[in-house]
There are 2 protein chains.
Amino acid sequence: MTETAADTWEQTRLLVSGPTLAALDRLDPPTRLACGYHLGFWDAQGRPDSATGKGVRPALALLSARAAGAPAEVGIPAAVACELVHNFSLLHDDLMDGDVERRHRPTVWSTFGESAAILGGDALLALANEIIAEAPGPTTPWAVRCLNATTRRLVAGQAADLQFESRTDVGLEECVEMAGDKTGALLACAASLGAVLADAPPALALGLADYGHHLGLAFQLVDDLLGIWGDPERTGKPLWSDLRSAKKSLPVVAALAGSGAAVERFRALYLSGEPLPEDRLEEAARLVEDAGGRAWAEQSADRESRAALDALAGLGLPEDVLRELTALTDTLSRRDF
Amino acid sequence: MTETAADTWEQTRLLVSGPTLAALDRLDPPTRLACGYHLGFWDAQGRPDSATGKGVRPALALLSARAAGAPAEVGIPAAVACELVHNFSLLHDDLMDGDVERRHRPTVWSTFGESAAILGGDALLALANEIIAEAPGPTTPWAVRCLNATTRRLVAGQAADLQFESRTDVGLEECVEMAGDKTGALLACAASLGAVLADAPPALALGLADYGHHLGLAFQLVDDLLGIWGDPERTGKPLWSDLRSAKKSLPVVAALAGSGAAVERFRALYLSGEPLPEDRLEEAARLVEDAGGRAWAEQSADRESRAALDALAGLGLPEDVLRELTALTDTLSRRDF
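This is a predicted model, so every value here is computed, not measured.

Time to look at the overall build of chain A. Scanning chain A from N- to C-terminus turns up 16 helices and two strands. For a compact globule of 337 residues, the expected C-alpha radius of gyration is about 20 Å, and chain A comes in at 20 Å, within 12% of that figure. Dimensions of chain A, computed from the C-alpha atoms along their principal axes, are close to 60 × 50 × 35 Å. Within chain A, the fraction of its 337 residues that count as buried is 54%. In chain A, 73% of the contacts between residues at least 6 apart in sequence involve partners at least 24 apart.

The structure is reproduced here in structure tokens:
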């Protein structure tokens, strides 16, 4: 991690942790316990923990306010709201996907039960809307609209992701669209929402959203790569869980879309309609690579990172903000965590 | 149903159906299908149906705008948003409660699957926030805050309701608080949100919220009574489903809180820790009545209806609005559906 990016994470944590914790205090005790556990502030018994996420979305939201020439503080409601929306979707996705582990800890549904996960997600979405609506200034209603249009895209992306699991004909284009909905939309929202609160000119807000969209695709490509070839110790997620649940992740769909002997072998293994046996997951991972899925995803991640930085080029950003956004982009597209 | 109240329902349907359908059109196709099915606009295959709910919350929201001297149309975003929030919570509650039937039709989770119910609820909550944020005028951010503070109370109420199922010591006071969260909060929100959008003086908005809170308690008391002694043909819900799942509904908790032989017999039957066998549900219903739970709930419903009307008394409402709110209150507290 570069020093600049490390500073960005640290600054973000300093500004955003307090308001996020204060927001949780508005919830009823059992829902607060489950939500704060999910966010990594405490363990399942409520004892202090420090297992919070990377904070990518809040970092983007604060930089977004600064990109519009405002102090980072102006972006705090956007930062908190985007992080809450992100965690609302994780809470519900973990339940729908049956994932038992996240950030090296058992997921909420597997610890507190399914109802607690549903209610916890609902509560985080409501809190996010409350927090963003409390931001002062004339653009607040517009910010609420951005946040909820984004939430609709998160829902659409997860609906597609689930539907893809049982389909054998998923195309690369619809898979990229799904990733745009699941990941690109909220990074685009975070990267522009601070600027919206700072009453930035539309061209700046849209340029920042474009940056966030490309960064989100790069981020998801790296995420999918780490899901197959990452170190579980670093990522905090069980290895091959996407392959185990027959997810149509980007490298997988790229592999299925190719041609040749490795592609045929991978199709026969992955599209059989049967759950993939535990002892063939390693073979499946190798076939994705042999079929070109890994190389395609790596090249695409590089291309999307460059497109993200290109989107920033003409926006006339303050020099320090451009430097931090560049460092953050580099860090996220080369991460192993 | 009185003629005045029938007019109110009809007017509400005319003004609110179109904008609600237009809101659904923003959703991805599978989520839109599940949500429109839940709202009663179409069947599970998307063929036209007319199984929509009573429309209590939208009716209140439109009357709320008129109470502030504005045209009903000013309240439309509040009406649509409250109805969407209501249905968001029904979708998720049906899944958490394992309820298989609502409004004479199979519930969404039992028709489209659990993930569709989770995503459908999420989508409706996001849509509600989008719609309310699109309302013009200076009070829009405040309206968003009201709506989401209400959503937090819905979550708290459902969390308490679920927790009560496994507890044997639920008190009447905490049970009334739970009903206030689950039902009172959203009726209070609906009854005031139209006035908020019409930029009403705070005293009027608060008075209307107070009315909605009492109406909500009366409504829930009647709902709980119908759940035990109602006609399933009229209510659209299976008889005794609350007793079957050991719900601590208001008449049940009132019965448990009493003393005497019938109370002891009911406690022994209902708090045994075992699921109530199908052939003892009728006996349980009779014991709730013998233990005084039915009479308490009926008297409380009457008292809350009167308190609701009392709350309207000093607000200086236009005469036609007062007449319609009074008719609506009477209809809801004497309904058998």
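Next comes the rest of the description.
All right, on to the packing of helix 8 (residues 172-197) of chain B against helix 9 (residues 202-229) of chain B then. All names here are of chain B. Two elements in contact, helix 8 and helix 9, have axes whose closest approach is 7 Å; the angle formed by their N-to-C orientations is 145°. Pair helix 8 / helix 9 crosses with right-handed handedness. Note on element contacts: helix 9 touches helix 8 through Leu204, Ala205, Leu208, Ala209, Tyr211, Gly212, His213, Leu215, Gly216, Leu217, Phe219 and Gln220, opposite Ala179, Gly180, Lys182, Thr183, Gly184, Leu187, Ala188, Ala190, Ala191, Ser192, Ala195 and Val196. Considering only residue class, the contact of helix 8 with helix 9 consists of 15 nonpolar, eight polar and one charged.

To continue, consider the interface of chain A and chain B. Facing the 33 residues of chain A at the interface are 33 residues of chain B. Put simply, the parts of the chain that give the side of chain A that touches chain B at least two residues each are helix 2 (29-39), helix 4 (76-97), helix 6 (114-133) and helix 7 (140-165) of chain A.

In this section: the relation of the copies chain A and chain B. Once chain A is rotated about the relating axis by 180° and shifted along it by 0.0 Å, it coincides with chain B to within an RMSD of 0.0 Å. Taken together, the rotation and translation relating the two chain copies correspond to the operation of a two-fold axis. Within chain A, the C-alpha atom positioned nearest to the axis of rotation is that of Pro141 of chain A, 3.0 Å from it. With an isologous cut-off of 70% or more, the 100% of interface residues of chain A that recur at the interface of chain B puts this contact in the isologous class.

By size, the foremost hydrophobic cluster in this structure holds 230 residues, and its most contacted members are Ala128 and Leu193 of chain A together with Ala128 and Leu193 of chain B. If we ignore the near neighbours within four places in the chain, the residues touching Leu193 of chain B are Ala61, Ser64, Ala78, Cys82, Ala143, Cys146 and Leu147 of chain B.

Residue and element names in this part refer to chain B. Within the secondary structure layout, Ala327 lies in helix 16 (residues 319-333). A residue is classified by how many C-beta atoms lie within 10 Å of it, and Ala327, with 18 of them, is partly exposed. Between the C-alpha atom of Ala327 and that of Ala5, which follows or precedes it by 322 residues, the distance is 5.4 Å.

Despite not being glycine, Asp199 of chain A shows a phi value in the positive range, around 60°. One can find Asp199 of chain A in the loop between helix 8 (172-197) and helix 9 (202-229). One non-glycine residue, His104 of chain B, lies in positive phi territory at about 65°. Within the element layout of this structure, His104 of chain B appears in the loop between strand 1 (101-102) and strand 2 (105-106). Residue His104 of chain B is classed as partly exposed on the basis of its 13 C-beta neighbours within 10 Å.

All names here are of chain B. Over its 15 residues, helix 16 extends 21 Å from the first C-alpha to the last, a length consistent with the 21 Å expected when each residue adds 1.5 Å. Listed in full, the buried residues belonging to helix 16 are Val321, Glu324, Leu325, Leu328, Thr329 and Leu332. Down the axis of helix 16, the buried side of the element spans an arc of 135°, and every buried residue falls inside it. Exposed residues lying more than 90 degrees from the buried face of helix 16 are Glu319 and Asp320.

Residues and elements named next belong to chain A. Mapped onto the secondary structure, Ala128 falls in helix 6. C-alpha of Ala128 to C-alpha of Val170: the two residues are 42 residues apart in sequence and 33 Å apart in space. Once you skip the residues sitting within four places of it in the chain, Ala128 turns out to touch Ala81, Leu84, Val85, Phe88 and Leu147.

Within the secondary structure layout, Ala160 of chain A lies in helix 7. The residues touching Ala160 of chain A, leaving out its near neighbours within four places in the chain, are Met178 and Asp181 of chain A.

This next bit is on the packing of helix 6 of chain A against helix 7 of chain A. Residue and element names in this part refer to chain A. For the pair helix 6 and helix 7, the least separation of the axes is 9 Å and the interaxial angle reads 155°. Regarding the angle of helix 6 to helix 7, the classification is roughly antiparallel. The hand of the helix 6/helix 7 crossing is right-handed. Across from Leu125, Ala128, Asn129, Ile132 and Ala133 in helix 6, the residues of helix 7 making contact are Thr140, Ala143, Val144, Leu147 and Thr151. The class makeup of the residues in the contact of helix 6 with helix 7 is seven nonpolar, three polar and no charged.

Each value, and the rule that gives it
Residues numbered from 1 in each chain as written. Chains lettered and ligands numbered in written order. Predicted model: local features only at pLDDT ≥ 70, side-chain atom pairs only at ≥ 80, totals over all residues. Helix = DSSP H or I, 4+ residues; strand = E, 2+ residues; numbered from the N terminus. Rg over C-alpha atoms; globule rule 2.2 N^0.38 Å. Buried ≥ 20, exposed ≤ 12 C-beta atoms within 10 Å, placed from the backbone. Contact = placed C-beta atoms within 7 Å. Axes fitted to C-alpha atoms, helices over the stretch in contact; angles between N-to-C directions. Left-handed = near helix turned anticlockwise from the far one by under 90°. Nonpolar A, V, L, I, M, F, W, Y, C, P; charged D, E, K, R; others polar. Least-squares fit on C-alpha atoms with pLDDT ≥ 70 in both. Core = buried A, V, L, I, M, F, W, Y, C linked by C-beta atoms within 7 Å. Expected span 1.5 Å × (residues − 1). Arc of directions from axis to C-beta. Parallel < 35°, antiparallel > 145°, perpendicular 65-115°, else oblique.

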